Amino acid sequence: MNMNDYIVRATAANAQIRAFAAATTELTEQARVHHGTSPVATAALGRLLTGGVMMGSMMKNPMDVLTLQIHCSGPINGLTVTADASGGVKGYVNVPDVILPPKNGKLDVGGALGQGILNVIKDMGLKEPYAGQTILQTGEIAEDLTYYFATSEQIPSSVGLGVLMEKNNTVRCAGGFIIQVMPFIEEEVLVKLEENVSKIQSVTSMLDNGHTPEEMLSQVLEGLDMEVTDTLPAKFDCNCSKDRIEKAIISIGKKDIQEMIDDGESIEVKCHFCNTAYHFTVDELQVLLEKSR
Ligand SMILES: [Zn+2]
């Protein structure tokens, strides 16, 4: 499948429902290539990237930043995803090479995560960022985000996320949807929505059958007068640079930089989010030492 990634935003039933869907095959594959993730780690990261990029697009301002952080006791140890308001997203897992036997014929994402907590941090340029914390429900990520919306934001939601791998362990398809109901929703609309949600195929089946985000939404919102509001491109986007890494090194302080210089060898620093390696010679470290306090 060679379509570019994008997010669709829609409303239904006279704005009693708002809906998001995304195709994220390319950005999930990019994340896999950057981090060399195993199939189960790719599935976990792809689901969180997909949820994150849609949640990012819910924010109002171009400078807003959303971070989804999972701390967990399972072998993947943790995941971090950061998204902006315009379709950019990046992320990593703590243990990229985790291998688990399949569960019921599927990649065992829940087993990889185990028990843990989900932190949702929205930095909207205010002094204090918004932060919500919930306990993981299943570790399958979609259910965990549903629970977060219900308890932390008091917005009843239905979240579907899916990543399907090829036999050669590249990403075959990835995507998902988020449906949210407004407090003033009429009972009959809610009943119809719940009926639709209970009937639809899994996200991976829909994607594998070639359904676009629009087609996924029109199945979930069938008979509810869906209106697409807009679409925006989605991409794996890391804004790291040698300059940013320099600032990070300067911030660790003179003592630690001096130790690196005393080791007498150039150092390599990798960006967590995209795994790009940056090299600093002893001479360059000397310059950073001058700039440090
Ligand atoms: Zn980077």
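Relevant structure appears above.
These figures come from a predicted structure and were not determined experimentally. (Residues numbered from 1 in each chain as written. Predicted model: local features only at pLDDT ≥ 70, side-chain atom pairs only at ≥ 80, totals over all residues. Heavy atoms only, no water.)

(A) Spatial organisation of the overall build of the protein. Counting secondary structure elements, the protein contains 10 helices and 13 strands. Taking 293 residues into account, the globule formula puts the C-alpha radius of gyration at 19 Å, and the protein, at 21 Å, falls close to it. Viewed in the frame of its principal axes, the protein has a C-alpha envelope of about 70 × 45 × 35 Å. By residue count, 49% of the 293 residues in the protein fall in the buried class. Taking the intrachain contacts of the protein between residues at least 6 apart in sequence as the baseline, contacts between residues at least 24 apart amount to 64%. Accessible area for the protein stands at about 14,200 Å²; split by element, carbon and sulfur atoms hold 50% of it. Between the mean site of the 23 positive side-chain charges and the mean site of the 38 negative ones, the protein shows a separation of 3 Å. (Helix = DSSP H or I, 4+ residues; strand = E, 2+ residues; numbered from the N terminus. Rg over C-alpha atoms; globule rule 2.2 N^0.38 Å. Buried < 20%, exposed > 50% of the residue type's maximum accessible area, 1.4 Å probe, protein only. Contact = heavy atoms within 4.5 Å. Areas by Shrake-Rupley, 256 points an atom, 1.4 Å probe, with all protein chains shown as cover. Lys, Arg positive; Asp, Glu negative; His and termini not counted. Charge placed at Lys NZ, Arg CZ, Asp CG, Glu CD.)

(B) Structural view of unusual backbone geometry. Of note, Asn14 is a non-glycine position whose phi angle comes to about 55°, a positive value. As for its placement among the helices and strands, Asn14 is situated in the loop between strand 1 (6–12) and strand 2 (17–23). Located in the positive-phi region is Asn169, a residue other than glycine, with phi close to 70°. As for its placement among the helices and strands, Asn169 is situated in the loop between strand 8 (157–165) and strand 9 (171–181).

(C) Just the nonpolar core, in detail. Met55, Leu68, Ile76 and Leu113 are the most contacted members of the largest nonpolar core, which totals 54 residues. In terms of residue count, helix 2 (residues 39–56) provides more of this core than any other element does, 10 residues in total. The residues contacting Met55, other than those within four sequence positions of it, are Leu66, Leu68, Val120, Leu145, Tyr148, Phe149 and Ile178. Membership of the second largest hydrophobic core comes to 24 residues, among which are Val8, Ala10, Ala12 and Cys173. (Core = buried A, V, L, I, M, F, W, Y, C linked by side-chain atoms within 4.5 Å.)

(D) Just the packing of helix 8 (residues 242–251) against helix 10 (residues 282–291), in detail. Interaxial distance between helix 8 and helix 10 falls to 9 Å at its minimum, and their mutual angle equals 60°. Relative to helix 10, helix 8 is oriented oblique. Classified by chirality, the crossing of helix 10 by helix 8 is right-handed. When helix 8 is examined against helix 10, the residues Lys242, Glu246, Ile249 and Ile250 are found in contact with a partner set consisting of Glu284, Leu285, Leu288 and Lys291. Looking at the contact of helix 8 with helix 10, its residues break down into four nonpolar, no polar and four charged. (Axes fitted to C-alpha atoms, helices over the stretch in contact; angles between N-to-C directions. Parallel < 35°, antiparallel > 145°, perpendicular 65-115°, else oblique. Left-handed = near helix turned anticlockwise from the far one by under 90°. Nonpolar A, V, L, I, M, F, W, Y, C, P; charged D, E, K, R; others polar.)

(E) Broad picture of the coordination of the zinc ion. Here the zinc ion is held by Cys238 (SG), Cys240 (SG), Cys271 (SG) and Cys274 (SG), and the distances to it run 2.2 to 2.3 Å. Metal-centred angles of 101 to 115° between the four donor atoms at the zinc ion mark the site as tetrahedral. Sequence positions of the residues that donate to the zinc ion give the spacing C-x1-C-x30-C-x2-C. Of this pair, Cys240 sits in the loop between strand 11 (235–236) and helix 8 while Cys271 is found in the loop between strand 12 (267–270) and strand 13 (277–280), placing the two residues 31 residues apart along the sequence. (Donors = N, O, S within 2.8 Å, 3.2 Å for Na, K, Ca; no water. Tetrahedral: all angles 85-135°; square planar, octahedral: opposite > 155°, others 65-115°.)

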